[in-house]
Amino acid sequence: MTKSLLTDASRRLDRALKYVTISEDAAERLKAPKASLKVSIPVRMDDGSLKVFEGYRVHFDDTRGPTKGGIRFHPQVTLDEVQSLAFWMTFKCAALNIPFGGAKGGVTLNPKELSKAELERLSRGYIDAIANFIGPDTDIPAPDVYTNPMIMGWMMDQYSIIRQQRSPAVITGKPVALGGSLGRSTATGTGAFYVLEAMMEHLSNKRSGKQPSSPKTVAVQGFGNAGAVVARHLFDAGYTIVAVSDSRGGIYTPNGLDIPSIQKFKADTRSVKAVYCDGSVCNLVEHEVITNDTLLSLDVDILIPAALENQITAANADAIQARYIFEVANGPISTDADDILEAKGITVFPDILVNAGGVTVSYFEWVQNRSGLYWTLDEVNQRLKKQIVAAADTIWHIAQTHKTSVRTAAYIHALNSLGAAMDARGTRADYVSGNRE
Ligand SMILES: NC(=O)c1ccc[n+]([C@@H]2O[C@H](COP(=O)([O-])OP(=O)(O)OC[C@H]3O[C@@H](n4cnc5c(N)ncnc54)[C@H](O)[C@@H]3O)[C@@H](O)[C@H]2O)c1
Ligand SMILES: N[C@@H](CCC(=O)O)C(=O)O
């Protein structure tokens, strides 16, 4: 039987609980989602046939505010996956001190097999099915794997039609023309870069003079919204990106890839190739074609999984050679693998901190939609940097104080804020059990 992703995710919570003073009632409530909705979405296909897709929306916890989290379109979406992603959103928002709880949504399909018109009908159909489960004050979706601003725009429009009023704040990650925030499309990668720079500074302050110089070589798994942007920031900052990949596999060259050229080529052709572009002419450069498994086990300073969950498990953790792993994807490392990596002296910087730039700028987008006042790109990035580096510094200090992994420190930090909110609100246990006298 396959292991539940949510059960594995909850083991991270158990590890942090012993460091925090949080009531047993509050801890118990954080082990299961508040509500899970499963829907069927009938879609008229271009050939006239009707196809029914399965979708989900999960609210994990709303103690700290309306629930928040992306929508994934992927053939492997399951309820267990969406629940785990909603769990991580809860702790991510708490760790970043964003006044939101955690949620997630997903539809099980391969969007690459749908025409643009079919994709629009599916996106609008999904919103029809979950409209009473979301709202600007209750649950606010956003993009995730294989969804994008165009899809968020259709979804916001559909919700506005249903409610008969324009509702930009119901969804974030929209096109800027429809009330999206400047900087949202690059926020996850930009935030990850800010965290990486902050952590490199902490590590170099901690290092004694005898230890090796600062890290320079990087491999990035997944060259999408999150992975390509962090790769570009690192390239611009002088790191050598030796390998990148997408769902079809990877490319490797020890001298380093030209990330701006690869980004341009991908935007033009949708494929990731080792190229160097001079103006509009792109030529292939010498490289090795590698699998995603090989990419993960390259001998690099920094490994960045930026694709899907469970990429590093007990089955391959022993082969990992990187010194540091920055989790840009949600849940790319299993709990068993964490232990193996720690024993090998590899430091893991966790998803709920590293990829929190996306939801942070989503929060900024929601604030801008509600106030009607829009910020410049500089303002957005400055606020993002301030908020995410503050969280990174706090988490680093918790890890040093308690001598825990950075992941456990991130959960301790999140739990302190969640526990305080839950205890302040009361667990409502008597009310829930029907004992209302
Ligand atoms: N988009 C956001 O705002 C955001 C924020 C936080 C975290 N994340 C997380 O980052 C990860 C990537 O999301 P994204 O928004 O960049 O998605 P995306 O759809 O923009 O890109 C996904 C990339 O991963 C690649 N990919 C898919 N399966 C793969 C596999 N098995 N091996 C290697 N590559 C594979 C795809 O080809 C694509 O390049 C996900 O875990 C997501 O939950 C995204
Ligand atoms: N899907 C993203 C973004 C969520 C959001 O912006 O609400 C995440 O996993 O963090």
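Residues numbered from 1 in each chain as written. Chains lettered and ligands numbered in written order. Predicted model: local features only at pLDDT ≥ 70, side-chain atom pairs only at ≥ 80, totals over all residues. Heavy atoms only, no water.

How would you sum up the layout of surface pockets? Please name residues and give values.
Reported here for the second largest pocket is a volume of approximately 630 Å³. Every residue lining the second largest pocket is counted, 28 residues in all, and those nearest its centre are Glu342, Thr347, Thr404, Ser405 and Val406. The element best represented in the lining of the second largest pocket is helix H10 (residues 335-343), accounting for four residues. Here the residues of the lining of the second largest pocket are counted per class, giving ten nonpolar, seven polar and eleven charged. (1 Å grid on protein atoms, 1.4 Å probe; cavity = no way out; pocket = protein on both sides within 12 Å on 5 of 7 lines; lining within 4 Å. Points joined across faces, edges and corners; volume = space filled by probe spheres on them. Helix = DSSP H or I, 4+ residues; strand = E, 2+ residues; numbered from the N terminus. Nonpolar A, V, L, I, M, F, W, Y, C, P; charged D, E, K, R; others polar.)

Tell me about the site of ligand 2, residues and numbers included.
Near ligand 2 there are 14 residues, and of these Lys68, Lys92, Pro143, Asp144 and Ser362 occur at the shortest range. Asparagine 330 is positioned such that a nitrogen or oxygen atom in its side chain is 3.0 Å from an oxygen atom of ligand 2. Take serine 362: an N or O atom from its side chain is 2.6 Å from an oxygen atom of ligand 2. When ligand 2 sits alone it has 290 Å² of accessible area, and the protein chains cover 95% of it. At the level of elements, strand E3 (67-74), helix H3 (79-95), strand E5 (139-143) and helix H12 (357-371) are the ones that each hand at least two residues to the shell around ligand 2. Looking at the shell around ligand 2 residue by residue, the classes come out as four nonpolar, five polar and five charged. (Near = heavy atom within 4 Å. Polar contact = N/O pair within 3.5 Å; in protein donor to acceptor, adjacent residues only side chain to side chain. Areas by Shrake-Rupley, 256 points an atom, 1.4 Å probe, with all protein chains shown as cover.)

Residue-level account of the site of ligand 1, with values.
Near ligand 1, the surroundings consist of 22 residues, among which Asp144, Tyr146, Asn225, Ala307 and Asn330 are the closest. Contact between ligand 1 and arginine 184: an oxygen atom at 3.0 Å from a side-chain N or O atom of the residue. Its residues assigned to classes, the shell around ligand 1 shows nine nonpolar, nine polar and four charged.

I'd like a description of the packing of aromatic side chains, backed by residues and values.
For the structure shown, the criterion picks out ten aromatic pairs. Through pairs of rings, three or more aromatic residues link up here, namely Phe100, Tyr363, Phe364, Trp366 and Trp375. Over the ring of tyrosine 239 we find lysine 216; its NZ or CZ atom is 4.6 Å from the centre of that ring. Positioned above the aromatic ring of tryptophan 375, the side-chain terminus of arginine 383 is 4.0 Å from the ring centre. (Phe/Tyr/Trp six-rings, centres within 6.5 Å; stacked < 30°, edge-to-face > 60°. Lys NZ or Arg CZ within 6 Å of the ring centre and 35° of its normal.)

Quick rundown of a negative patch on the surface? Include the residues and the values.
Residues Glu24, Asp25, Glu28 and Asp423 make up a contiguous surface patch of negative charge. The biggest single contributor to the negative patch is helix H2 (residues 24-29), with three residues. Assignment of secondary structure puts aspartate 25 in helix H2. A relative accessible area of 43% means that aspartate 25 is categorised as partly exposed. (Patch = residues over 30% accessible without salt bridge, like charges linked within 9 Å, V, L, I, M, F, W, Y side chains within 5 Å. Salt bridge = Lys/Arg side-chain N within 4 Å of Asp/Glu carboxyl O. Lys, Arg positive; Asp, Glu negative; His and termini not counted. Charge placed at Lys NZ, Arg CZ, Asp CG, Glu CD. Buried < 20%, exposed > 50% of the residue type's maximum accessible area, 1.4 Å probe, protein only.)

Outline the nonpolar core, listing residues and values.
Across soluble globular proteins, you tend to see nonpolar side chains buried next to one another. If you look at the biggest cluster of nonpolar residues, it comprises 95 residues, and the most contacted ones within it are Phe91, Ile304 and Phe326. The next biggest cluster of nonpolar side chains, apart from the first, holds 25 residues, and it includes Val107, Ile130, Trp154 and Tyr159. (Core = buried A, V, L, I, M, F, W, Y, C linked by side-chain atoms within 4.5 Å.)

Can you lay out the sheet that holds strand E11 (residues 288-290) for me, pointing to particular residues and giving the numbers?
In space, the seven strands of this open sheet follow the order E11-E8-E7-E6-E12-E13-E14, with mixed pairing throughout. Strands at the two margins of the open sheet, each flanked by one partner only, are E11 and strand E14 (347-349). Averaged over all neighbouring strand pairs, the angle between strand axes comes to 20°, with direction disregarded. (Pairing = 2+ DSSP bridges. Axes fitted to C-alpha atoms, helices over the stretch in contact; angles between N-to-C directions.)

Residue-level account of the UniProt feature "active site" (unreviewed entry) in the chain, with values.
Under the UniProt annotation, "active site" (unreviewed entry) lies at Lys104. Along the chain, the position of lysine 104 falls in strand E4 (residues 101-108). The class of lysine 104 is buried, set by a relative accessible area of 2%. Every residue in contact with lysine 104, bar those within four places of it in the chain, is listed here: Tyr56, Arg57, Val58, Gly69, Gly70, Val82, Leu85, Ala86, Met89, Asp144 and Asn330. (UniProt positions renumbered as here; feature names shortened; annotations may be inferred. Contact = heavy atoms within 4.5 Å.)

Could you give an account of empty space enclosed by the protein, naming the residues involved and the relevant values?
Going through the model one piece at a time under the given rule, you end up with one cavity of 30 Å³ or more. Its boundaries defined by the atoms lining it, the largest cavity holds a volume of some 50 Å³. Lining the largest cavity, in full, are Leu5, Asp8, Ala9, Arg12, Trp88, Asn310, Gly331, Ile333 and Ser334. Along the lines of polarity and charge, the residues of the lining of the largest cavity split into four nonpolar, three polar and two charged.

Provide a residue-level description of the sheet that holds E4, including the pertinent values.
Backbone hydrogen bonds are what pair the strands of a sheet, in a parallel or an antiparallel way. The strand order E1-E2-E4-E3-E5 describes an open sheet built from five strands, whose pairing is mixed. At either margin of the open sheet sits one strand with a lone partner, and together these are strand E1 (35-44) and E5. This sheet shows a mean twist of 25° between the axes of neighbouring strands, independent of strand direction. Most of the contacts of H3 go to E4, to which it runs at about 155°, and overall it touches E1, strand E2 (50-61), E3 and E4.

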